[in-house]
Amino acid sequence: MSAQLAGQAVRLGWYWGLSRLIDRQTKAAGLASSYKPKRPVPKFQELLAELGRLLLDDAKAVRDGRYPPMPEGGDTPAHYLKRVRDMLADVPVAARRRAAEETESARAVALPDGQVLPE
């Protein structure tokens with residue numbers, strides 16, 4: 001249970017940090033999103049408390065055998081860093097697509113194994 005909880009906490013921190021980095025890069029490029037929620041949203045502390053409960057419930061479910069733990073990643077840190085560098089290089093392009101509400105370009109990308117994007 002503790003390994004599952006620790007692994008999920010590390011993943012959460014990693015992706016939260018990437019999200020902050022992308023936000024910063026997007027703002028620096030002058031491409032910040034203008035999205036504003038139309039309904040009230042929970043406070044940050046409330047979201048973190050709920051997230052903590054969800055992570056604990058997840059770890060308990062793994063401990064109780066309701067589902068298997070997350071598999072260990074086989075990629076090297078260098079591989080992850082390359083993926084992050086590629087993703088950050090794409091941030092300005094992706095932000096421009098989002099601002100232009102351009103939604104069809106993903107369909108032009110070939111997917112492995114003949115997969116297709118959902119309609």
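Numbers given to residues run from 1 along each chain, matching the order in which its sequence is written. Restriction of local features to residues with pLDDT of at least 70 applies here, the model being predicted, together with a cutoff of 80 or more for giving and counting side-chain atom pairs; totals for whole chains, interfaces and linings are based on all residues. By convention in this description, side-chain values take in all heavy atoms of the structure and omit both hydrogens and water.

Student: Let's hear about the confidence of the model for the protein chain: which residues, and what values?
Tutor: Residue-level confidence of the predictor is what pLDDT reports, using numbers from 0 through 100. Mean pLDDT over the protein chain: 83, with 88% of residues reaching 70 or higher. Taken element by element, the predicted model of the protein chain shows its lowest mean pLDDT in helix α3 (residues 77-99) (84) and its highest in helix α2 (residues 44-63) (93). In DSSP terms, a helix is any run of H or I states spanning at least four residues, a strand is any run of E spanning at least two, and both are numbered starting from the N terminus.

Student: Can you tell me about the pattern of salt bridges, naming the residues and giving the values?
Tutor: Put simply, a salt bridge is a Lys or Arg side-chain nitrogen that is within 4 Å of an Asp or Glu carboxyl oxygen. Scanning all chains against the criterion turns up 5 salt bridges. Note that Asp90 and Arg97 form a salt bridge whose closest N and O atoms lie 3.8 Å from each other. Accessibility here uses a 1.4 Å probe with only protein chains present; expressed as a share of the type maximum, an area under 20% marks a residue as buried, one over 50% as exposed, and anything in between as partly exposed. Of the residues examined, Arg97 reaches a relative accessible area of 31% and is grouped as partly exposed.

Student: Could you give an account of a nonpolar patch on the surface, with specific residues and numbers?
Tutor: A grouping of Trp14, Tyr15 and Leu81 is seen on the molecular surface, where their side chains present a nonpolar patch of about 340 Å² in accessible area. Mapping Trp14 onto the fold places it in helix α1 (residues 2-28). A patch consists of residues exposed above 30% relative accessible area that lack any salt bridge, with like charges linked at up to 9 Å and nonpolar side chains (Val, Leu, Ile, Met, Phe, Trp, Tyr) linked at up to 5 Å. Exposure was quantified through the Shrake-Rupley algorithm and a 1.4 Å probe, taking into account, for residues, occlusion by the shown protein chains and nothing else.

Student: Let's hear about the side chain of Gln8: which residues, and what values?
Tutor: As for its position among the elements, Gln8 is in helix α1. Two N or O atoms count as a polar contact when they lie within 3.5 Å, although within protein this holds only if one can serve as hydrogen donor and the other as acceptor, and sequence-adjacent residues are included solely when both atoms are side-chain atoms. Among the polar contacts listed, one links the side chain of Gln8 to the side chain of Arg11, at a separation of 2.9 Å.

Student: A description of the packing of α1 against α2 should follow, citing residues and the corresponding values.
Tutor: A fitted line through C-alpha atoms serves as each axis, taken over the contacting stretch for helices, and the angle formed by two N-to-C directions is quoted from 0 to 180°. At a closest axis distance of 9 Å, the pairing of α1 and α2 adopts a crossing angle of 145°. Once α1 is placed against α2, the crossing between them reads as right-handed. Where α1 approaches α2, its residues Gln4, Leu5, Gln8, Leu12 and Trp16 are matched on the opposing element by Phe44, Leu51, Leu55, Leu56, Asp58, Ala59 and Val62. Amino acids are sorted into nonpolar (Ala, Val, Leu, Ile, Met, Phe, Trp, Tyr, Cys and Pro), charged (Asp, Glu, Lys and Arg) and polar (every other residue, Gly among them). Here the residues of the contact of α1 with α2 are counted per class, giving 9 nonpolar, 2 polar and 1 charged. Crossing handedness is defined as follows: a turn of the near helix away from the far one that is anticlockwise and smaller than a right angle gives a left-handed crossing, while the clockwise case is right-handed. We call two residues contacting when some pair of their heavy atoms lies within 4.5 Å.

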